Amino acid sequence: DTANKINIEILSANFLDYVQTDSGAINKLIGNASMKQGEAFMYCDSAYFNLAKNTMEAFGNVRVVQPGSEAQSDYMRYVGNQKTGYLKGNVMLTDGRSHLWSEDLTYNTATKVGVYTQGGTLQDSTTTLSSNAGSYNTKTKDARFTGEVIVTDPQYNIVSDDMGYNTETKVVTFFAPSVVTSDSSVLTTSCGSYDTKNEIAHFKCRSSILNSEQYIEADTIDHNRKTGVGFAKGNVIALD
């Protein structure tokens, strides 16, 4: 789709070579190469740039800098018409406060969404989340993790198969069997949300809460850990 095509601009390089090939003209940028597309600035040690296809391959110390976000890697293949880059090797994506590390990342400079498929770790001020695959939106601060999800935080730990997390609101959303463990309770659910900042659980399906003195299981559970007030509905099992 080239309806909204924005050409990649070459800003600078120590050396520029122009080569005509069967697939179009290729510019070879060697040394301190810098390019620009819209508000996205791209830097690397060297690059191959295809004028006709509006594509680029960048090598060494790759950086994609935009207002509110920055991506880094060893290598990037960038498709200008789709505003999408495939980054590989020591990949890091940040919005200034949260950092995502992985070995591979597909990053869209228009949506500011990064997607990884070969394992990654997201870290904010207090919480570290790792999974086999996932995505992070530097605009909305929403992350989604799938496959062997592990969350560590000074206040709690989570093990899950599929969950979401917002680095700004600190709200966790569950989409698969998950266990939240803290120093005083164990929460088990497969769907719903947990506000880790205010310690409020809203579980919409069969779930349970266990502490040193009580066990609650029900079809739905709402629980405020700070106040100790909870509501359980549907086939409730309560042990005290």
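All of the points below concern the structure found in this document. Within any chain, residue numbers begin from 1 and follow the written order of that chain's sequence. Reporting in this predicted model follows two pLDDT cut-offs: at least 70 for local features of residues, and 80 or more for side-chain atom pairs to be given and counted; totals over whole chains, interfaces and linings ignore these cut-offs and use all residues. For side-chain calculations, the full set of non-hydrogen atoms in the structure is used, while hydrogens and water are omitted.

## Considerations on the overall build of the chain
Then, in step 1: A run of H or I in DSSP counts as a helix once it spans at least four residues, and a run of E counts as a strand once it spans at least two, with each numbered from the N terminus. Helix and strand content of the chain: 0 helices and 24 strands.
Then, in step 2: For a compact globule the rule gives 2.2 Å times the number of residues to the power 0.38, and the radius of gyration it is set against comes from C-alpha atoms. Taking 240 residues into account, the globule formula puts the C-alpha radius of gyration at 18 Å, and the chain, at 23 Å, lies well above it.
Then, in step 3: For the chain, the spread of C-alpha atoms along the three principal axes comes to 80 × 35 × 25 Å.
Then, in step 4: Contacts are residue-level and defined by heavy atoms, with any inter-residue pair within 4.5 Å sufficient. Restricting the contact set of the chain to residue pairs at least 6 apart, pairs at least 24 apart contribute 30%.

## Overview of the environment of Leu187
Then, in step 1: Turning to its location among the elements, Leu187 is positioned in strand E17 (residues 185–189).
Then, in step 2: By relative accessible area, Leu187 is classed as buried at 5%.
Then, in step 3: Each C-alpha atom, one on Leu187 and one on Lys83, is 42 Å from the other, the two residues being 104 residues apart in sequence.
Then, in step 4: Once you skip the residues sitting within four places of it in the chain, Leu187 turns out to touch Ser178, Val179, Val180, Tyr194, Ala201, Phe203, Ser208 and Ile209. A simple rule labels every residue: compare its accessible area, found with a 1.4 Å probe on the protein chains alone, to the largest value its type can have, and call it buried under 20%, exposed over 50%, or partly exposed in between.

## Description of the nonpolar core
Then, in step 1: To define a nonpolar core, start from buried Ala, Val, Leu, Ile, Met, Phe, Trp, Tyr and Cys residues and group those joined through side-chain atoms within 4.5 Å. One finds Met35, Met56, Met76 and Met163 to be the most contacted residues of the largest nonpolar core, which totals 44 residues.
Then, in step 2: A total of 5 residues in this core trace back to one element, the largest contributor, which is strand E4 (residues 40–50).
Then, in step 3: The contact partners of Met56, leaving out residues within four places of it in the chain, are Ile8, Met35, Met42, Ala47, Tyr48, Phe49, Met76, Arg77 and Tyr78.

## Comments concerning the pattern of salt bridges
Then, in step 1: The working definition used for a salt bridge is a side-chain nitrogen of Lys or Arg within 4 Å of a carboxyl oxygen of Asp or Glu. Summed over the entire model, instances satisfying the criterion amount to 9 salt bridges.
Then, in step 2: For Arg225, the salt bridge is made with Asp183, and the minimal N-O distance between the two is 2.8 Å. Residue Arg225 is found in the loop between strand E22 (220–224) and strand E23 (230–233), and its partner Asp183 is found in the loop between strand E16 (178–181) and E17; the two are separated by 42 residues along the sequence.
Then, in step 3: Taking the relative accessible area as the measure of exposure, Arg225 reaches 23% and is therefore partly exposed.
Then, in step 4: Residue classification places Asp183 among the exposed residues on the basis of a relative accessible area of 72%.
Then, in step 5: Residues Asp219 and Arg206 are paired through a salt bridge, measuring 2.9 Å at the closest nitrogen-oxygen approach. Placement of Asp219 in the loop between strand E21 (215–218) and E22 and of Arg206 in the loop between strand E19 (200–203) and strand E20 (207–211) is noted, with a sequence separation of 13 residues between them.
Then, in step 6: Residue classification places Asp219 among the partly exposed residues on the basis of a relative accessible area of 28%.
Then, in step 7: Arg206 sits in the partly exposed class, given a relative accessible area of 34%.

## Observations concerning the pairing of strand E15 (residues 171–174)
Then, in step 1: Only one face of E15 is buried, namely the one carrying Val172 and Phe174, since none of Val171 and Thr173 on the opposite face is buried.
Then, in step 2: Pairing analysis gives 3 bridges linking strand E14 (residues 157–166) to E15, with the strands arranged antiparallel. Bridge pairing in E15 links Met163 to Phe174.
Then, in step 3: At least two bridges found by DSSP between two strands is the condition for calling them paired. In textbook terms, the turn of a hairpin is the stretch between consecutive antiparallel strands, and for E14 and E15 this stretch comprises 4 residues, one of which, Lys170, has a positive phi near 65°.
Then, in step 4: Here E15 runs beside strand E18 (residues 192–195); their pairing, made up of 4 bridges, is antiparallel. Counterpart to Phe174 in the pairing with E18 is Gly192.

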